[in-house]
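The lines below spell out each chain.
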Amino acid sequence: MARKPNPRKRRTESRSSVVVIGLGRFGRALALELVDEDTEVLGIDESAEVVQALSGSLTHAVRADSTKEDALRQLGVHEFDRAVVAIGTDLEASILTASLLVSFGIENVWAKAISEAHGRILTQLGVHHVVYPEHDMGQRVAHLVRGRMLDYIEFEDDFAMVKTNPPADIIGLPLSNSAVRSRYGITVVAIKRPGEGFTYATPETVVEADDTIIVAGRTRATERFSELQ
């Protein structure tokens, strides 16, 4: 049976609490990851089966119609500072739910969009952060498949960070002598020795063949650098 949230308790802990509405694949993965990071999560979904499956994993899991203002207020959703609309294919429910959260004055509202048009509507409603998980993941995987990157994260304004192996021409040299920034337009920001964790790179860091490095720079520059191996 789903546990009913305690609004009074959540009000005092709002900085470490998030409401996730829509517990499909994306919402479920997000909610569980937040719980793993010691964040209290109120999960809301229309499916009793979904709620029952997650009732022992989330702080609170509740069956409710998120398009109804009274239902959300009864759950104390308006008291949260952070909310995520993770509803996927039901565009009407996504838009109505997001509109309600914005009207509540919640400081940070995230919403999943499945198309550019959907995202534009969410932005026009006042949603603070619109995410495109399928598009972003497809773009990320495309970079990994195309090149020799070990991992890839792209930010706005054409900036990316890439985990890769070092090219031969910087191996055995301190970073200050390898001139990677002037030659390739990237910065080595972290380095990982075999069997060790990542540490910040310094100008004195000597890169070895077995190292893993993280570089940052313009997207195309990081791609070109990762292809030098």
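Rules and cut-offs
Residues numbered from 1 in each chain as written. Predicted model: local features only at pLDDT ≥ 70, side-chain atom pairs only at ≥ 80, totals over all residues. Heavy atoms only, no water. Pairing = 2+ DSSP bridges. Helix = DSSP H or I, 4+ residues; strand = E, 2+ residues; numbered from the N terminus. Axes fitted to C-alpha atoms, helices over the stretch in contact; angles between N-to-C directions. Salt bridge = Lys/Arg side-chain N within 4 Å of Asp/Glu carboxyl O. Buried < 20%, exposed > 50% of the residue type's maximum accessible area, 1.4 Å probe, protein only. Contact = heavy atoms within 4.5 Å. Expected span 1.5 Å × (residues − 1). Arc of directions from axis to C-beta. Polar contact = N/O pair within 3.5 Å; in protein donor to acceptor, adjacent residues only side chain to side chain.

**Q** Please clarify how the sheet that holds strand β6 (residues 129–131) should be interpreted in this entry.
**A** In sheet architecture, strand pairing relies on hydrogen bonds along the backbone and comes in two forms, parallel and antiparallel. Read from one edge to the other, the open sheet built from 6 strands follows the order β3-β2-β1-β4-β5-β6, with strand pairing classed as parallel. At either end of the open sheet lies a strand with only one pairing partner, and these are β3 (60–63) and β6. Along the sheet, successive strands turn relative to each other by an average axial angle of 15°, direction set aside. Where strand β4 (residues 82–85) lies against strand β5 (residues 108–112), 4 bridges are found, and the strand directions are parallel. Considered in β5, the bridge of R82 is made with N108.

**Q** Help me out: how do you make sense of the pattern of salt bridges in this one?
**A** Pairs can form between side chains of opposite charge whenever their charged atoms are close. Taken as a whole, this structure holds 5 salt bridges when the rule is applied. Residue R193 is joined to D211 by a salt bridge in which the shortest nitrogen-to-oxygen separation is 2.3 Å. Taken together, the residues R193 in the loop between β9 (186–192) and β10 (198–200) and D211 in the loop between β10 and β11 (212–218) connect sequence positions 18 residues apart. Residue class for D211 comes out buried when judged on its relative accessible area of 1%. R220 serves as the salt-bridge partner of E223, at 3.1 Å between the closest nitrogen and oxygen. Here R220 and E223 lie together in helix α10 (residues 219–226), a separation of 3 residues that amounts to about one turn. Among the residues examined, E223 registers a relative accessible area of 6% and is labelled buried. Residue classification places R220 among the partly exposed positions, given a relative accessible area of 40%. One connected set of salt bridges, linked through shared partners, spans R220, E223 and E227.

**Q** Sorry if this is basic, but what is going on with the sheet that holds β10 here?
**A** Ordered in space as β7-β8-β11-β9-β10, the 5 strands form an open sheet in which the pairing is antiparallel. What marks the edges here is a single partner per strand, and that holds for β7 (151–155) and β10. On average, adjacent strands in this sheet sit at an angle of 25° to one another, irrespective of strand direction. Strand direction decides the pairing type here: β7 and strand β8 (residues 159–164), joined by 5 bridges, are antiparallel. Bridge pairing links Y152 to V162 in β8. Against the sheet, α10 touches β7, β8, β9 and β11, its axis set at about 145° to β11.

**Q** For this particular structure, what's the right way to read helix α5 (residues 91–103)?
**A** For an α-helix, the turn length of 3.6 residues means that residues three or four places apart are oriented alike. The terminal C-alpha atoms of α5, which comprises 13 residues, lie 18 Å apart, in line with the 18 Å expected from a rise of 1.5 Å per residue. Those residues of α5 that fall on the buried side of the exposure criterion are A93, S94, T97, A98, L100 and L101. Along the axis of α5, the buried positions cluster into a sector of 160°, meaning they face one direction only. Across α5 from its buried face, at more than 90 degrees, point the exposed residues E92 and S103. On its buried face, α5 sits against β1 (17–21), α4 (69–74), β4, β5 and α6 (116–125). Downstream of α5 by a residue or two, G105 has a phi angle that is positive, lying close to 80°.

**Q** I would appreciate a short explanation of the environment of Y200 in the present structure.
**A** With respect to the helices and strands, the residue Y200 is situated in strand β10. Distance from Y200 to V189, taken between C-alpha atoms, is 6.0 Å for residues 11 residues apart in sequence. Setting aside chain neighbours within four positions, we find Y200 in contact with V189, A190 and T205.

**Q** Any chance you could explain the environment of L150 here in plain terms?
**A** Here L150 lies in the loop between α7 (133–146) and β7. Distance in space between the C-alpha atoms of L150 and K163 is 5.2 Å, their sequence separation being 13 residues.

**Q** Is there a simple way to explain the environment of H128 in this structure?
**A** The residue H128 is located in the loop between α6 and β6 in this model. Judged by its relative accessible area of 40%, H128 is partly exposed. The spatial distance from the C-alpha of H128 to the C-alpha of V109 is 5.4 Å, given a sequence separation of 19 residues. In this structure H128 touches I106, E107, N108 and V109, once residues within four positions along its chain are discounted. A polar atom in the side chain of H128 sits 3.3 Å from the backbone oxygen of E107. Polar contacts involving the side chain of H128 include one to the main-chain amide nitrogen of V109, which spans 2.8 Å.

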